[in-house]
Amino acid sequence: MKSPDTDARFLHELLDRFRGERAGQAAGYTPEAPGTDQDSFAIALASVDGELVSAGDDRHPFTLQSISKPFIYGLALDRFGREAVHRKVNVEPTGEAFNSIIELEEDHLPYNPMINSGAIAMSALLHHADPRRSGAAIMEMFGRYLGRTAQLHPNTDLSLEGGHRNQAIAHLLRHFEVIGDDIDGALQLYGRQCTVALDVRELALMAATLANGGVHPRTGVRALERTHLRDVLTLMFTCGMYDSSGNWAYSVGLPAKSGVSGGILAVVPGRMGLAVYSPRLDAHGHSVRGVEVFKAWSAAWGLSMFEPAGGEAGT
Ligand code: GLN
């Protein structure tokens with residue numbers, strides 16, 4: 001990896017290059033939305049050695065939203081094992097939006113855990129197994145990735161989380177008996193995972209934990225069993241960017257996940273975690289600048305998983 005000095009300079013270059021991009025609109029419904037400048041912009045890199053460099057609005061708090069999904073999927077795998085988890089969710093990309101309701105396959109299971117239906121199936125699995133402790137259990141899990149106590153954004157109102165569309169998805173899952181009766185409990189848990197607050201530096205450290213075999217690079221605490229890491233990263237690679245996962249794989253080539261808060265994280269296995277925050281979103285619900293930054297970053301450093309060994313980008 002390049003030295004942190006070089007990295008910091010490069011992160012500032014990326015900020016300068018894409019700061020003029022004003023396309024897209026921030027999601028109005030996240031808890032942080034009232035206090036957020038649509039043009040806030042931050043980039044961070046955390047290495048598997050625990051080095052951290054960042055640039056821009058790197059202390060601005062935002063919520064995980066859908067970035068929580070691979071971590072919750074990982075927790076479900078650790079807790080119940082692969083077989084039990086995949087009795088509730090498949091591993092196929094959809095080519096559909098994150099909140100699509102027409103995504104149940106023939107066996108009536110959600111396509112994958114990176115879209116809302118699959119994520120709600122995971123929340124329900126965790127919640128129904130232990131309704132009293134499920135909220136605390138997911139906060140403890142996020143705490144292990146964050147290296148500190150996890151907290152919800154102060155503006156969070158869990159009774160407002162979910163909305164009618166997620167309720168409809170949950171009822172459909174209930175109809176097909178993928179989830180149990182406590183629909184509100186499952187949706188509240190889903191709302192909780194979406195509203196965990198952090199900044200871009202912590203997002204990079206979460207990605208670096210995945211890059212580091214599931215162990216937080218600074219605290220040394222294991223956040224995910226090593227045996228489940230491959231499943232999480234594979235699903236991020238194939239499904240993490242919803243109906244633009246193919247384009248992302250082609251142009252960035254890294255396992256990643258986005259959220260409607262404007263955060264995107266990506267994992268360079270064995271090397272580092274990368275994160276961008278900028279709240280204006282494209283039609284897929286991804287940060288507009290975030291996608292641009294990652295394309296440029298991957299091209300400049302030859303970060304695609306399929307970059308020929310020993311080759312520098314563009315050579
Ligand atoms: N809380 C959001 C929702 O379920 C998360 C969606 C996202 O980040 N893509 O609608």
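Right, let's walk through the structure included here. Source: prediction; values computed, not measured.

So, the site of the ligand
At step 1: Neighbouring residues of the ligand: Gln65, Ser66, Phe98, Asn116, Asn166, Tyr190, Cys194, Tyr242, Gly259 and Val260.
At step 2: Gln65 places a polar side-chain atom, nitrogen or oxygen, 2.7 Å from a nitrogen atom of the ligand.
At step 3: At 2.7 Å, a side-chain N or O of Tyr190 approaches an oxygen atom of the ligand.
At step 4: Look at the ligand: alone it shows 290 Å² of surface, and the protein chains cover 93% of it.
At step 5: Residue composition of the shell around the ligand, grouped by class: 5 nonpolar, 5 polar and no charged.

Quick word on unusual backbone geometry
At step 1: Positive phi, normally seen in glycine, also occurs at Glu177, with a value near 60 degrees.
At step 2: Inspection of the secondary structure assignment puts Glu177 in the loop between helix 5 (163–175) and helix 6 (183–194).
At step 3: Positive phi outside glycine occurs at Tyr242, with the angle close to 50 degrees.
At step 4: If you trace the backbone, Tyr242 turns up in the loop between helix 8 (226–239) and helix 9 (245–251).

Concerning the packing of helix 3 (residues 116–129) against helix 6
At step 1: Their axes nearest at 8 Å, the elements helix 3 and helix 6 cross at an angle of 110 degrees. Here helix 3 lies roughly perpendicular to helix 6, going by the angle between them. The handedness of the crossing between helix 3 and helix 6 comes out as right-handed. From helix 3, Asn116, Ala119, Ile120, Ser123, Ala124, Leu126 and His127 reach across to helix 6, where they touch Gly185, Ala186, Leu187, Leu189, Tyr190 and Gln193.
At step 2: Residues of the contact of helix 3 with helix 6, tallied by class, amount to 8 nonpolar, 5 polar and no charged.

Some thoughts on the pairing of strand 2 (residues 52–56)
At step 1: As paired elements, strand 1 (residues 42–47) and strand 2 share 5 bridges and run antiparallel to each other. Directly across from Leu45, in strand 2, lies its bridge partner Val53.
At step 2: The hairpin formed by strand 1 and strand 2 contains 4 residues between the paired strands, and Gly50 there has a positive phi angle of roughly 95 degrees.

Overview of helix 4 (residues 134–146)
At step 1: For helix 4, which comprises 13 residues, the first-to-last C-alpha distance of 18 Å matches the rise-based estimate of 18 Å (1.5 Å per residue) to within 8%.
At step 2: Buried residues of helix 4: Ser134, Gly135, Ile138, Met139, Met141, Phe142, Gly143, Tyr145 and Leu146, and no others.
At step 3: Residues of helix 4 that are buried sit in contact with helix 2 (68–85), helix 3, helix 6, strand 4 (197–198) and helix 7 (200–211).
At step 4: One or two positions beyond helix 4, positive phi appears at Gly147, with a value near 75 degrees.

Scoring rules and cut-offs
Residues numbered from 1 in each chain as written. Predicted model: local features only at pLDDT ≥ 70, side-chain atom pairs only at ≥ 80, totals over all residues. Heavy atoms only, no water. Near = heavy atom within 4 Å. Polar contact = N/O pair within 3.5 Å; in protein donor to acceptor, adjacent residues only side chain to side chain. Areas by Shrake-Rupley, 256 points an atom, 1.4 Å probe, with all protein chains shown as cover. Nonpolar A, V, L, I, M, F, W, Y, C, P; charged D, E, K, R; others polar. Helix = DSSP H or I, 4+ residues; strand = E, 2+ residues; numbered from the N terminus. Axes fitted to C-alpha atoms, helices over the stretch in contact; angles between N-to-C directions. Parallel < 35°, antiparallel > 145°, perpendicular 65-115°, else oblique. Left-handed = near helix turned anticlockwise from the far one by under 90°. Contact = heavy atoms within 4.5 Å. Pairing = 2+ DSSP bridges. Expected span 1.5 Å × (residues − 1). Buried < 20%, exposed > 50% of the residue type's maximum accessible area, 1.4 Å probe, protein only.

Shape is all these values report; function is a separate question.
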